[in-house]
Amino acid sequence: MEARVQKIISQWGIASRREAEEMIKQSRVKINGIVAHLGQKVDPQRDTICIDGKPVSHSDRPALIYVLLNKPAGVVSTCDDPHGRTTVLELLPENLHKGTGIHPVGRLDADSTGALILTNDGDLTFSLTHPSHNISKTYHVVVKGHPPEAVLKMWREGVVLEGRKTRPAKVRLIERLANQSKLEIILQEGRNRQIRRVAEQLGYPVIQLHRTAIGSIQLQTPKASFLCVGDYRHLTPEEIIFLKNQLNNGQLTINN
């Protein structure tokens with residue numbers, strides 16, 4: 001059956017769909033000896049796909065991997081970095097990141113910490129990062145000052161960023177410190193640096209941002225000890241099944 005070449009490369013676990021698109025743009029992919037173009041449809045049963053001159057096929061697909069990483073500050077959520085900064089892949093053992101096609105699902109800012117899923121399941125990555133899916137993400141955020149209830153209410157209802165209002169969010173005060181406040185924020189979207197930008201706009205800049213959960217996937221679970229900074233664990237079969245089931249239903253529910 002025909003499908004777009006970037007989708008096939010992703011389904012085979014060779015690269016994420018975005019990475020496959022970049023390979024195609026860089027003329028690294030050929031179909032039957034001819035340079036491929038974005039959106040080109042191919043039949044894997046009939047056509048030969050080559051990447052960097054090497055034929056690839058479904059049999060080249062490595063075993064599917066799903067891990068949760070507790071990302072430290074200063075580490076970038078990419079597969080490689082032109083500035084030489086440490087990437088999340090470098091925190092994994094070589095057998096997990098060499099030749100497996102594993103990549104981060106979405107991003108956390110270099111200065112932010114916490115839960116980040118990595119996988120070589122291209123279809124899952126595409127679904128998790130697609131704007132149509134309401135995937136909740138839970139954060140513990142320390143901000144400068146003491147935002148009053150009126151400001152928290154405004155944050156919950158949505159704030160206009162670049163001409164578009166953010167979706168409603170759950171925002172609650174966890175702890176009031178001397179000159180800072182610790183908040184729990186649950187978002188249903190992931191616009192670029194959203195929490196930091198909203199906090200800055202409201203007059204209470206972020207000092208620390210830590211993601212504790214993605215949907216029901218948490219850094220700390222009743223069955224496992226807390227995942228230390230820089231450590232990873234494989235997702236449980238139940239977590240993988242839950243994630244895929246929720247994606248099939250079109251959304252992930254917010255955890256209270």
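First, a word on scope: everything that follows refers to the structure included in this document. The structure displayed is predicted, hence computed values, not measured ones.

### Points about the overall build of the protein chain
Next up, step 1: A tally of helices and strands in the protein chain yields seven helices and 17 strands.
Next up, step 2: Projected onto its principal axes, the C-alpha positions of the protein chain cover 65 × 40 × 40 Å.
Next up, step 3: With 256 residues in all, the protein chain has 47% of them scored as buried.
Next up, step 4: By element, 50% of the accessible surface of the protein chain is carried by carbon and sulfur atoms, the whole surface being about 13400 Å².
Next up, step 5: Positive and negative charge centroids in the protein chain, built from 34 and 26 side chains respectively, lie 5 Å apart.

### Some thoughts on the sheet that holds strand β3 (residues 34-35)
Next up, step 1: In space, the four strands of this open sheet follow the order β3-β2-β5-β6, with antiparallel pairing throughout. Two strands in the sheet have a free side with no partner beyond their single neighbour: β3 and β6 (54-56).
Next up, step 2: Pairing of strand β5 (residues 49-51) with β6 involves three bridges; the strand directions are antiparallel. Counted as the bridge partner of Ile49 is Val56 from β6.

### Side note on helix α6 (residues 194-202)
Residues separated by three or four positions in an α-helix point in the same direction, a consequence of the helix having 3.6 residues per turn.
Next up, step 1: Listed as buried for α6 are Gln194, Ile195, Arg196, Val198, Ala199 and Leu202.
Next up, step 2: Buried-residue contacts for α6 involve β10 (137-144), α5 (149-157), β11 (160-161), β14 (180-187) and β15 (206-214).
Next up, step 3: Of the residues one or two after α6, Gly203 is the one with positive phi, at around 95 degrees.

### Regarding unusual backbone geometry
Next up, step 1: Residues other than glycine seldom take positive phi values, yet Asp52 does so here, at roughly 55 degrees.
Next up, step 2: Within the secondary structure layout, Asp52 lies in the loop between β5 and β6.
Next up, step 3: In this structure, Arg193 is a non-glycine residue whose phi angle is positive, near 50 degrees.
Next up, step 4: Turning to its location among the elements, Arg193 is positioned in the loop between β14 and α6.

### Thoughts on the pairing of strand β9 (residues 113-119)
Next up, step 1: Here β9 lies mainly inside the structure; seven of its seven residues are buried.
Next up, step 2: The sheet contact formed by strand β8 (residues 103-104) and β9 spans two bridges and is antiparallel. Counterpart to Pro104 in the pairing with β9 is Leu118.
Next up, step 3: As judged from the two bridges shared by β9 and β15, these two strands associate in the parallel manner. Bridging across to β15, Gly114 finds its partner in Arg211.

### Focus on the pairing of strand β7 (residues 66-71)
Next up, step 1: Most of β7 is tucked away, with six of its six residues classed as buried.
Next up, step 2: Judged by which residues are buried, β7 turns out to be covered on both faces: Tyr66, Leu68 and Asn70 on one side and Val67, Leu69 and Lys71 on the other are all buried.
Next up, step 3: With six bridges connecting them, β7 and β9 associate as antiparallel partners. Looking at the pairing, Lys71 lines up with Gly114 of β9.
Next up, step 4: Where β7 meets strand β17 (residues 232-234), three bridges bridge the pair, whose relative direction is antiparallel. Of the residues in β17, the one forming a bridge with Val67 is His234.

### Overview of the nonpolar core
The tendency in soluble globular proteins is for nonpolar side chains to be buried as a group.
Next up, step 1: Judged by nonpolar contacts, the single largest core of 21 residues is most densely connected at Val141, Trp155, Ile185 and Ile195.
Next up, step 2: Listing elements by their share of this core, those giving two or more residues are β10, α5, β14, α6 and β15.
Next up, step 3: The greatest single-element share of this core, amounting to four residues, is contributed by α6.
Next up, step 4: Excluding residues that lie within four positions of it along the chain, Trp155 makes contacts with Ala169, Val171, Leu183, Ile185, Ile195, Val198, Ala199 and Leu202.

Rules and cut-offs
Residues numbered from 1 in each chain as written. Predicted model: local features only at pLDDT ≥ 70, side-chain atom pairs only at ≥ 80, totals over all residues. Heavy atoms only, no water. Helix = DSSP H or I, 4+ residues; strand = E, 2+ residues; numbered from the N terminus. Buried < 20%, exposed > 50% of the residue type's maximum accessible area, 1.4 Å probe, protein only. Areas by Shrake-Rupley, 256 points an atom, 1.4 Å probe, with all protein chains shown as cover. Lys, Arg positive; Asp, Glu negative; His and termini not counted. Charge placed at Lys NZ, Arg CZ, Asp CG, Glu CD. Pairing = 2+ DSSP bridges. Contact = heavy atoms within 4.5 Å. Core = buried A, V, L, I, M, F, W, Y, C linked by side-chain atoms within 4.5 Å.

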